[in-house]
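These are the residues of each chain, in order.
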Amino acid sequence: MKYTILFFLVLIIMTGCGNSRPAAAWNVYPESGSEYAQMDMGGMDLLQEGEFDNEPRTQERMIVTSAALELAVEFPDTMPEAMNRIAARFNGYVSQGGTDMAVIRVPEDKLDPAIEAISQLGKVRSRSQFGYDVSDQYRDSEIRLENALKARERYLELLARAENVEAAVMVERELERLNETIELMKGQMNQLEHLSQYATITVSIHERKKPGILGYVGLGLYHSVKWLFVRN
């Protein structure tokens, strides 16, 4: 009798375990480095660890070119109009305009002639030119975008097969997050593409002071004295 009761207890426990199944379970894998969650719906894993491609694409280097000029001019008030003319002349545009600073963007192959045109507007006090390699940043955004697009397709499949409202809400929440990620990655990639095609020229504008009559006399004396002590 004792063993019979024990047998039925074990049978009831096994039956209960076999019939119990959670409607939806949400599990995140931080150790995998993935930014996506894994959802188990009736034994089906939506996203598997390492499922998506994380290999960088082979492409040409993407360089963002910039230049900076410090310019002394006689009439700073005329600079905004002058910058608009130069930007239009080289098929570019003014990103920021003013009497003390201007930022224009021109096609990358027009950078040197645009700088030369700006230099004619006054006296160049300083000039620098540099470039930033954003290839890795672009590829990282590209990979994240592709992974987000693949994940969204899988979540849409799961949404169509959701067994209850709770599961559907969880999937829709994840889809909303993925859509935000997709738009963010697209925006970053478009910005990098644009900046690699259009060079940025930042111009610091200063008013060029003219000496008065006494100033010219002082300059003459200075150069005379300098000639007495310093000769090349």
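Residues numbered from 1 in each chain as written. Predicted model: local features only at pLDDT ≥ 70, side-chain atom pairs only at ≥ 80, totals over all residues. Heavy atoms only, no water.

Peer 1: Tell me about the overall build of the protein, and name the residues and values.
Peer 2: A tally of helices and strands in the protein yields 6 helices and 8 strands. Starting at the N terminus and walking to the C terminus, you meet the elements of the protein as α-β-β-β-β-α-β-β-α-β-α-α-β-α. (Helix = DSSP H or I, 4+ residues; strand = E, 2+ residues; numbered from the N terminus.)

Peer 1: Mind laying out the packing of helix H2 (residues 79-89) against helix H3 (residues 111-119), listing which residues take part and the relevant values?
Peer 2: When two helices pack together, their arrangement is given by the angle between the helix axes and the distance between those axes. Relative orientation of the contacting elements H2 and H3 amounts to 155 degrees, with a least axis distance of 10 Å. Here H2 is positioned roughly antiparallel relative to H3, judged by the angle of their axes. Crossing handedness for the pair H2 and H3: right-handed. Each of Met 83, Ile 86 and Arg 89 in H2 lies in contact with H3, whose residues at this interface are Ala 114, Ala 117 and Ile 118. (Axes fitted to C-alpha atoms, helices over the stretch in contact; angles between N-to-C directions. Parallel < 35°, antiparallel > 145°, perpendicular 65-115°, else oblique. Left-handed = near helix turned anticlockwise from the far one by under 90°. Contact = heavy atoms within 4.5 Å.)

Peer 1: I'd like a rundown of the side chain of Ser 196, residues and numbers included.
Peer 2: Within the secondary structure layout, Ser 196 lies in helix H5 (residues 165-197). Given the relative accessible area of 19%, Ser 196 is considered buried. Within the structure, Ser 196 has its side chain in polar contact with the backbone oxygen of Glu 193 (distance 2.8 Å). (Buried < 20%, exposed > 50% of the residue type's maximum accessible area, 1.4 Å probe, protein only. Polar contact = N/O pair within 3.5 Å; in protein donor to acceptor, adjacent residues only side chain to side chain.)

Peer 1: Please give an account of the nonpolar core that cites residues and values.
Peer 2: Soluble globular proteins tend to pack their nonpolar side chains together in the buried interior. Met 83, Ile 104, Ile 118, Ile 201 and Val 203 are the most contacted members of the largest nonpolar core, which has 20 residues in total. Put simply, the parts of the chain that give this core at least two residues each are strand S4 (63-73), H2, strand S6 (101-107), H3 and strand S8 (198-207). Of the residues forming this core, the biggest block, 5 residues, is contributed by H3. Once residues within four sequence positions are removed from consideration, Met 83 is found in contact with Val 94, Ala 102, Ile 104, Ile 118, Leu 121 and Val 203. Counting residues in hydrophobic clusters, the runner-up holds 17 residues, among them Tyr 138, Leu 145, Tyr 155 and Leu 175. (Core = buried A, V, L, I, M, F, W, Y, C linked by side-chain atoms within 4.5 Å.)

Peer 1: So what's going on with unusual backbone geometry? Residues and values would help.
Peer 2: Even without being a glycine, Asn 91 presents a positive backbone phi close to 60 degrees. Inspection of the secondary structure assignment puts Asn 91 in the loop between H2 and strand S5 (93-96).

Peer 1: Describe H2, naming the residues involved and giving the relevant values.
Peer 2: For H2, the complete set of buried residues consists of Met 79, Ala 82, Met 83, Ile 86 and Ala 87. All buried residues of H2 lie within an arc of 135 degrees about the axis, which places them on one face of the element. Turned more than 90 degrees away from the buried face of H2, the exposed residues are Glu 81, Arg 85, Ala 88 and Arg 89. Residues of H2 that are buried make contact with S4, S5, S6, H3 and S8. Downstream of H2 by one or two residues, Asn 91 has phi in the positive range, about 60 degrees. (Arc of directions from axis to C-beta.)

Peer 1: Could you give an account of the side chain of Thr 200, naming the residues involved and the relevant values?
Peer 2: For Thr 200, the location among the structural elements is in strand S8. Accessibility expressed as a relative area gives 10% for Thr 200, which makes it buried. At 3.0 Å, the side chain of Thr 200 and the side chain of Arg 105 are in polar contact. Non-local contacts of Thr 200, meaning those with residues more than four positions away in its chain, are made with Thr 65, Ser 66, Ala 67, Val 103, Ile 104, Arg 105 and Leu 195.

Peer 1: Describe the sheet that holds S5, naming the residues involved and giving the relevant values.
Peer 2: Sheet architecture is open: 5 strands sit in the order S5-S6-S8-S4-S7, paired in mixed fashion. Taken across any chain shown, the strands that pair with only one partner, and hence form the sheet edges, are S5 and strand S7 (123-133). The average undirected angle you get between the axes of adjacent strands in this sheet is 25 degrees. The sheet contact formed by S4 and S7 spans 10 bridges and is antiparallel. Note on S7: the bridge partner recorded for Leu 69 is Arg 127. Sitting on the sheet, H2 touches S4, S5, S6 and S8, and the angle it makes with S5 is about 135 degrees. (Pairing = 2+ DSSP bridges.)

Peer 1: So what about the pattern of salt bridges? Which residues, and what values?
Peer 2: In this structure the tally under the stated criterion is 6 salt bridges. With its nearest N and O atoms 3.9 Å apart, the salt bridge here joins Asp 136 to Arg 61. With Asp 136 in helix H4 (residues 135-160) and Arg 61 in the loop between strand S3 (44-45) and S4, this residue pair connects regions lying 75 residues apart in the sequence. According to the relative accessible area criterion, Arg 61 is partly exposed, its value standing at 46%. Sharing partners across several salt bridges, the network here consists of Arg 61, Asp 133, Asp 136 and Arg 139. (Salt bridge = Lys/Arg side-chain N within 4 Å of Asp/Glu carboxyl O.)

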